[in-house]
Each structure stands twice: as C-alpha cells, then as structure tokens.
Amino acid sequence: MTDPIADYLTRLRNAIKASHRIVEIPASNIKKEITKVLHDKGYIQNYKFEDNGPQGSIKIALKYNPTTKQNAIVSLKRVSTPGLRKYVKHEALPRVINGLGIAIVSTSKGVMTDKEARTEGIGGEVLCYVY
C-alpha cells in the first residue's frame, strides 16, 4: 500500500455511503492521531484502539443525526499525496468552506487542525480536508 492515509479516508467514506455504524481500520500512529482530531471536533461519535495482531486496529463509531439519518461528515478529501506533498506556512494555511470545515495538518508539534496550527504559529503538511 503506497498511501495508508488515503486508504483510511476511503474506508471512512465507504462506510458512510453504506450507512454503517462502525468501521474497522488497520492502525498506525498517524491514523490514530487523525482519529483523535476527528473525535475532538465532533465528526465521529467514538473510537477504540485494539491491539490484535502485529499492527492493531481502530474501531470508529460514526456519528449520524438521529432525525435525518445524515452523517456528520459530508466530505473527506486527501490533499497531500505521496507523489505530491503539500506543505504550507502558518500564514498560508487553508480555510475549508470559509472556516466551517477543518483541514488536518501534520506539524512538528503533532497532528492538529488548521485553526490550532494558526494560533500556534506553525505550518506543516496539509493531510486532508473534512467538512
């Protein structure tokens, strides 16, 4: 597999399209950090890290609106790919849907949202857009 983050986002996207409640994804440190950011910002309901096998897995409970049955995540888009990395300075951090969505950024201080990186004054690699 050349791009594990794109695989992570695709598995989430497919689970949302199929209206699944729980999705299981192979774990890595970067995927765990992205999952924590998604949970902190309210895009997923809950998550659980399991240490089964050499790699482990992440179980994610997706968040749906109880009345309309619509998912909290409308779109997941991969920005920086292994073939074309996208690094930005803190002044040039993107605003997703004029601040309504988030851009997940990998910085020297860890994985965080674009708003947190802007307040910290650090740039990094833009991993994906979520709204």
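This text follows the structure it describes.
Because the structure is a prediction, the values reported are computed rather than measured.

## What about the pairing of strand β3 (residues 57-62)?
At step 1: Burial of β3 is extensive: five of the six residues sit out of reach of the surface.
At step 2: Two elements, strand β2 (residues 44-50) and β3, share six bridges in a ladder whose sense is antiparallel. Within β3, the residue paired with Ile-44 across the bridge is Leu-62.
At step 3: Connecting the antiparallel pair β2 and β3 is a turn made up of six residues, with Gly-53 showing a positive phi of about 80 degrees.

## Topic: the pattern of salt bridges
At step 1: Applying the stated criterion across every chain, the model contains nine salt bridges.
At step 2: A salt bridge links Glu-50 to Lys-59; its shortest N-O distance comes to 3.9 Å.

## Some words on the nonpolar core
At step 1: In terms of nonpolar packing, the biggest core is built from 26 residues, with Leu-12, Leu-38, Ile-60, Ile-104 and Val-130 touching the most fellow members.
At step 2: Of all the secondary structure elements, the ones that give two or more residues to this core are α1 (4-17), β1 (22-26), α2 (29-40), β3, β6 (102-107) and β8 (124-130).
At step 3: Not counting the four nearest positions on each side in its chain, Leu-12 is found in contact with Val-23, Ile-25, Leu-38, Ile-60, Leu-62 and Leu-76.
At step 4: One finds Val-79, Ile-122, Val-126 and Tyr-129 within the second-largest nonpolar core, a separate group that totals eleven residues.

## Here's the deal with α2
At step 1: Spanning twelve residues, α2 covers 17 Å between terminal C-alpha atoms, matching the ideal 16 Å at 1.5 Å per step.
At step 2: For α2, the set of buried residues is Lys-31, Ile-34, Thr-35, Val-37 and Leu-38. Projection of α2 onto a plane perpendicular to its axis shows the buried side chains occupying an angular sector of 160 degrees, all on one side. Of the exposed residues in α2, those oriented more than 90 degrees away from the buried face are Asn-29 and Asp-40.
At step 3: Just downstream of α2, Gly-42 is the residue with a positive phi angle, here 85 degrees.

## Section: the sheet that holds β2
At step 1: Reading across the sheet, the three strands line up as β1-β3-β2 and stay open at both edges, with antiparallel pairing between neighbours. Each having just a single partner strand, β1 and β2 make up the two edges of the open sheet. The mean inter-strand angle of the sheet, taken between neighbouring strand axes irrespective of direction, is 20 degrees.
At step 2: Strand contacts of α1: β1 and β3, with the helix running at about 165 degrees to β1, the strand carrying the most contacts.
At step 3: With respect to the sheet, α2 is in contact with β1, β2 and β3, its orientation differing from that of β2 by roughly 155 degrees.

Cut-offs applied
Sequence order sets the numbering: in each chain, residues are counted from 1 along the sequence as written. Whole-chain, interface and lining totals are the exception, using all residues; otherwise, since this is a predicted model, local features are given only for residues with pLDDT of at least 70 and side-chain atom pairs are given and counted only at 80 or more. Values reported for side chains reflect all heavy atoms of the structure, with hydrogen atoms and water molecules removed beforehand. The cut-offs for exposure are 20% and 50% of the maximum accessible area for each residue type, with area from a 1.4 Å probe on protein chains only; residues under the lower value are buried, those over the upper are exposed, and the others partly exposed. By the criteria applied, helices consist of DSSP H or I runs no shorter than four residues and strands consist of E runs no shorter than two, each listed in order from the N terminus. Think of it this way: DSSP has to see at least two bridges between two strands before they count as a pair. A pairing counts as a salt bridge when a side-chain nitrogen of Lys or Arg comes within 4 Å of a carboxyl oxygen of Asp or Glu. In this text, buried Ala, Val, Leu, Ile, Met, Phe, Trp, Tyr and Cys residues form a nonpolar core when linked through side-chain atoms within 4.5 Å. Here a residue-residue contact requires only that any non-hydrogen atoms of the pair lie within 4.5 Å. Given the number of residues in a helix, its expected span is that number minus one, multiplied by 1.5 Å. In this description, one arc is meant: the one made by directions from the helix axis to the C-beta atoms. The convention used is that axes are lines fitted to C-alpha atoms, helices contributing only their stretch in contact, and that angles between N-to-C directions extend from 0 to 180 degrees.

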